[in-house]
Each structure stands twice: as C-alpha cells, then as structure tokens.
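For reference, the chains in residue letters:
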Amino acid sequence: MGKMKLGRQGAAETKGALPRWQRWFWLLLALGCWLLAWHLIRTTWFYGHTDPSWELIQRRGVVRVGMDATYPPFEVQDESGDFSGYDVDLAQELARRWGVRADFVNIYFDGLYDALLTDKCDLLISALPYDATLTQDVLYSPSYFNAGLLLVVREDERSIKGVNGLADKKVGVELGTAGHLEARRLREQARIPLQIVPFSTSYEALQALHAGEVDAAIVDSISVYHFARDPGGIRYLSKFLTDEQYVIAMRPGSGYLWKRIADELARMHKDGFLQTLQDKWF
Amino acid sequence: MSHGGSNQRRLTRLPKFSKLRKSLFVIRLLVALPLLWLVGRAPQPVVRIGPPQKVQTTNPKMGVHTRLTDEVEEWKIKRTLEMVREMGAPWIVEYFPWGYYEPEKGHYDWTHPDLVVNHALAQGLTVLARIDFVPEWAQPENTTFRYLPEEHFADYADFIYAFVQHFSGRVRYVIIWNEPNLSFEWGYRLPDPAAYARLLKAAYLRAKEADPEVTVLAAGLAPTLAPPGSEWGMDDLEFLQRMYDAGAQGYFDGVAIHAYGWAFPPDDPPAPEAINFARAELVHEVMARNGDGDLPCFITEAGWNDHPRWAKAVPPGLRIEYTVRAYEKAQQEWPWCQVVAMWAFRYPWPARTFQDGFTFVTPGFISKPIYTEVQHYAQGEQRAGSRQ
C-alpha cells in the first residue's frame, strides 16, 4: 500500500497514484476515443442503410446501367434500339435478383465516368477494365470477367504445359499488343529462348497455330474463346499469363450497393451463371 | 606518475573531444546524405533537344494527334515526336489542359508544355494546341472538369492570353475548347451554341491581344446525328450554323473539324444523315453559306480503328488503305483543308479498350504496320499492299 500524504485540499492521495485531474483527463480521453470509434463504425459498417444509390434504385424500381454499346459480344445496340450482350445479360440478372428493372443508357466511352459521377446512370457495366488510377473517383466491384492473356496450343499438343515449355518454340502474337509484350518479357526477363512470330491480328496468330506454322500463341482470352468455339482445334492453358479484370463501376459512397453487387457476383460465380454467360457469348 | 592525475586530465579533456567528434560526425552526415540520395536515385537518361530537324514528306498536310499531356519522361516525349517526324507528318495536335497549367488563378506552370513544344519544334513539327479542361478553382461543386460556367469565361480567356503570350512565336495555332456540341464535353449540360460563341469571342479577343499573328480556331465539333433536343448532344452541322446565328463570325480565323471514318471509306460521299470522313465537306459548306468559305479548315481528329471487336472498326489492312487515301484526298481535292491529323499517334499507357485500335505506335514504341505503311506513303514509296 502506497504512502499516503495529504494533498492541497486535504484529500488523501496515494503516492505514485495519478492526481485526480489526470484521472479525469484520461477518462474523458478514453470516452472520446470510444465515441469516435462508434461514429466510424456507424458510418462505415452501417452506411449501407443510408447508401443513396441503393435507395434510389429501390425507390425507382429501376437500375440505370451506362455502357458504350459498340463492343460485341459484351454490349451492342441494334437499329431498333435493343441492347444485347454479355454485360447486358449480367445487368438484367442483377436487376432481376434485386427485384428491379434494368434500363440501359448508351454513352460514348469517353463520357462513361463523367456520366456516372453526374448521375446519368447508377452503374457502369461496359467491359470496363479495372483502372487503379481512378479508385479515388469511383468504386469498383470485384471482377466478373478476365480478359487477360492466355497461352494457347493445338488440341493435340502435349509437350507445352506452361511457359517453360516454350523454349525453342515459335510463338505467335498480334504485333504490338500486350501478347507481343508478354512474349518479349518471357524471352528477355524470364530467359525462355522462344521465337516470336508477329501477325497483324490475333485471329491470324491463332490460324497460324491451327495450321502448325507456330507452336503456341499468346492472345487475349476473348479472341481465344471465339476461336476455340469456331473453328476450334486449339486449347488454352487454364492459368492466365496476365490479368485484365472487367469490373462494375459505381459512385463513391455507394458502400451498400457495392456489397450487394459483390455478394451477387460471388453467387453468380458459384451457381454457374457467369459460366453460362461465357458459354452463350463466346 | 600519478594515474589518477592523468585520468583526471583525460576526464577533463573528454567532453571537449566528444563535442568535436560529434561535430565531425554531423559534418560527415551532412556531406554523406546528399551523396547517398544521389546514388540512390535511378539514373535518368540525358535528353538533349538536339539540332533542328526537317520533316521529309510528299504530303505537307499530314498530321497526327499526339497525347503527350500525361507523358512524364522527357525521353519519351522526344522519341514520340521523332517518330512523328520520321513517319513524315509535319503537323501535330496536342492537348494542353488549362487546369494542369494554371492550378491557381494567375499562377502558371509551363514546365511540361515547354518540353513538349520545344521538342516538337526541334523535330520540325507545327503544333496545333487544343485548350480546355476546367481547373478546380473555376469548377462548381459536383460538376466535371468540362463544366465551365459563364462567370469563368473571362478566366479561360485570361489563360488563353497567358498561353499565347508565353508561346508566342512557337505555337501559332490555338483551338478553343473541344466538341462543345456534346453534352459530355459541355459538363453534361445541354449544348449551347450561343454560350460557346461567347466563350469563343472572349478567347479570340484575348488571344489577339497577346499575339495578333496567332491563328484562333473554333473547336472541332463531334460528328453526330443526335436528334433535336437530345440530352446527349447536338448535330454538328446544326451547332455550327447556330454559332453563326449567335454572332460567332469574325471571332475565329479557321475551324477545327473532327472527321472520323468509322466503318466507311474516305470516298464515301457526304450526306447530312451520314457520319463519315467526307462529312468535313459539309462543315465547310456551312462556313461557305455564312460567308466564311475562304477560311481554312484543320481536321484535328480523324481516322479509323482496327480493334477486332469494336463495332465501328475495320480490319487492319483497310485501316491502312483508308488512312493513306484520306491524306491523299485532303492534299488533292480539299484546298480549304490545311491538315488531316489522325487520332491518335500513341498513348503514354495502353487504354486496354477498343481505343488502342486508333494508335500508330504502342506505348512501348513498337510501330504498328499502319505506321510503316504511312511512312512509305509519305516517302513516295509504294505501299506493301500495292507492291508486286
């Protein structure tokens, strides 16, 4: 037990114990911290209940989806004004699961983000690549499609099981594209002695592969899926060489809407809906 | 000998010695730190402007739209412009965002634009400067950087004055704003030809104050068939006529034109209901109807796209053919057209969308086949497609 001495007021104070004013100070400070923490939790975790984007969608019964409908098979608008494509089906399914209707707004690509930020639409679903430089301006959903590069071989190819199998092989690429750069990176940085054969288009590169003029090709997934469907005769290694994630964009402060989209995309991955879309459109 | 005594002296000396050691340490640190910083920096290539060059070309109307606004590294700026010269194009259109260079009213930062302009001039290129992009201090809250309220028209005009004055003798062409007939480019407001005419007038007067010899161009309008009253835009031909109706005449020395071909060849005939390269003739006709037939036109955006999946693209071979033919057409058939600048020469980084299908050179400076074929054309050689 500490030695007691009388303080100025005559109150007993324990030597080594904090003076009263300090105790009050720390107590108030702790209370302040708790209040701040509570406020932060309330505004982030429970923000969804006050997410204006979600509430507007629910109130109107419509989710307005902005897209540049000139990019098949993701989105295209025909002469009668009807929209169709992978992104269109995705948007309609999201709307159905939320119990609302999807309306599509056709906006030229350059104006998409401004249209979102000026409330011309609620979401952007437009084969939009994730852009790390815009994450302060918009909120991005998790990815729903990977348009990255795939390593492609003939169906009967057995010796190439990965990039290391490309040593001393001819690899077809589209001139000047990400596939071309990836092939150069493998040659120069990963030191795989492959021979790069450039073509004017990715289709020509895949045709050359099919015809046996090259041993493999490095091409974006969309071109690969199309070619694999028709004319076929090729297969691709399941591991992507690079990622190009397509995402949904929404206004900042749409935390609850983001959560609803993320949850639905996760369900769509699990229940096979996204695979169904891929089979339908590629 | 008394050790205690010498110890005493040592003890007495130690504090002074310690101070000296500390001072020497601090001095060494002060010298070493900058050296460490220098050593730690990645070596930067030494970039020289180099001796003045001249563009060798058979078609002096060839141009490209470069996109060096966000190109940070000087060597890339120089290399891009070298490649433009080597391709045979004497003109470039470059974007100079107002908001980048006047971050606060009256305070200018010309460092980057000086780099671009000086390198362009060294490569023998003529610069057409497109100027827009509202700085934050002139932008109302919750609007975009294309929303210029009328109370800030004078500030924009002041910037035009400062720009023209700073670049006097180096940049002889300025383009006032961009595609104001699109609501997106007008801050997602309804397009307003009369308001644009007022902006143009204000900018023109200030530009001439700074340099009477500068050529002021009215903005290139987006070719569009937007129906009357559309919230997205106004037909470019209608917008131009309404600019004249609002008194814009006399406040520009020429007109910038945007003439994208989409999926149509350059010789596809012009028609008010068609968007094609030859729509530029209709723009010129509007000017002629209003008494400005003698004013020059500058096609500051044009071109075709060869992305494999874009609905308005053409195959790469056709893109090359159409591009070369467009340059030829302007030279042989359009005396009123001073330049055709194709969009876009190169981006600093990949767009990763269909827009990459517009470029001639990749961000990594790989020249695409279109670059090589246009170069052959500029040198008067036969193109690969026409060679036996």
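Computed from a predicted structure; not experimentally measured.

Draft legend 1. Focus on the pattern of salt bridges. Residues and elements named next belong to chain B. Evaluated as defined, the whole model comprises 42 salt bridges over all chains. We note a salt bridge from Arg-130 to Asp-132, for which the minimum N-O separation is 2.6 Å. Each member of the pair, Arg-130 as well as Asp-132, is classed as buried.

Draft legend 2. Quick look at unusual backbone geometry. Between Pro72(A) and the following residue, Pro73(A), the backbone shows a cis peptide bond with an omega angle of 5°. Assignment of secondary structure puts Pro73(A) in the loop between strand 4 (70–71) and strand 5 (75–77). For Phe133(B), which is not glycine, the phi dihedral falls at a positive 85°. When you line up the elements, Phe133(B) lands in the loop between strand 3 (126–131) and helix 5 (153–166). The exposure class assigned to Phe133(B) is buried, which follows from its relative accessible area of 17%. A positive phi angle, near 45°, is found at Glu179(B), a position not held by glycine. Here Glu179(B) is to be found in the loop between strand 4 (173–176) and helix 6 (193–210). For Glu179(B), a relative accessible area of 10% gives the class buried.

Draft legend 3. Structural context of the side chain of Thr80(B). Residue and element names in this part refer to chain B. Structurally, Thr-80 is set in helix 2 (residues 74–87). Only 2.7 Å separates the side chain of Thr-80 from the backbone oxygen of Lys-76, close enough to count as a polar contact. Of note is the side chain of Thr-80, whose polar atom sits 3.2 Å from the side chain of Arg-346. Ignoring any residue separated from it by four or fewer positions in sequence, one finds Thr-80 in contact with Thr-66, Leu-68, Phe-345, Arg-346 and Phe-365.

Draft legend 4. Inspection of the interface of chain B and chain A at higher detail. Across the contact, 23 residues belong to chain B and 28 residues belong to chain A. Where chain B abuts chain A, roughly 2400 Å² becomes buried across the two surfaces, and 62% of that area is made up of carbon and sulfur atoms. For chain B, the biggest contributors to the area lost against chain A are Tyr188(B), Arg309(B) and Arg352(B); these three give 31% of the whole. The tally of links between chain B and chain A comes to four salt bridges. Two residues, Asp114(A) and Arg146(B), come together in a salt bridge whose shortest N-O distance is 3.5 Å.

Draft legend 5. Structural detail: empty space enclosed by the protein. Counted by the stated rule, this structure contains three cavities of 30 Å³ or more. Lining the largest cavity are Asp68(A), Thr70(A), Tyr71(A), Glu75(A), Phe109(A), Ser126(A), Ala127(A), Tyr246(A), Trp310(B), Arg352(B), Thr353(B) and Phe354(B). Residue assignment for the lining of the largest cavity shows that the elements contributing at least two residues are strand 4 and strand 8 (123–129) of chain A. Counted by class, the lining of the largest cavity contains six nonpolar, three polar and three charged residues. If you add up the space inside the second largest cavity, you get close to 60 Å³. As for the second largest cavity, its lining consists of Ala218(B), Ala219(B), Leu221(B), Asp236(B), Leu240(B), Met243(B), Val255(B), Ala256(B), Ile257(B), His258(B) and Val283(B). Counting residues per element, the ones that place at least two in the lining of the second largest cavity are strand 5 (215–221), helix 7 (236–245) and strand 6 (254–260) of chain B. It is strand 6 of chain B that contributes the most residues to the lining of the second largest cavity, four residues altogether. Here the lining of the second largest cavity is composed, by residue class, of nine nonpolar, one polar and one charged.

Rules behind the numbers
- Residues numbered from 1 in each chain as written.
- Chains lettered and ligands numbered in written order.
- Predicted model: local features only at pLDDT ≥ 70, side-chain atom pairs only at ≥ 80, totals over all residues.
- Heavy atoms only, no water.
- Salt bridge = Lys/Arg side-chain N within 4 Å of Asp/Glu carboxyl O.
- Buried < 20%, exposed > 50% of the residue type's maximum accessible area, 1.4 Å probe, protein only.
- Helix = DSSP H or I, 4+ residues; strand = E, 2+ residues; numbered from the N terminus.
- Polar contact = N/O pair within 3.5 Å; in protein donor to acceptor, adjacent residues only side chain to side chain.
- Contact = heavy atoms within 4.5 Å.
- Buried area = accessible area lost by both parts, 1.4 Å probe.
- 1 Å grid on protein atoms, 1.4 Å probe; cavity = no way out; pocket = protein on both sides within 12 Å on 5 of 7 lines; lining within 4 Å.
- Points joined across faces, edges and corners; volume = space filled by probe spheres on them.
- Nonpolar A, V, L, I, M, F, W, Y, C, P; charged D, E, K, R; others polar.

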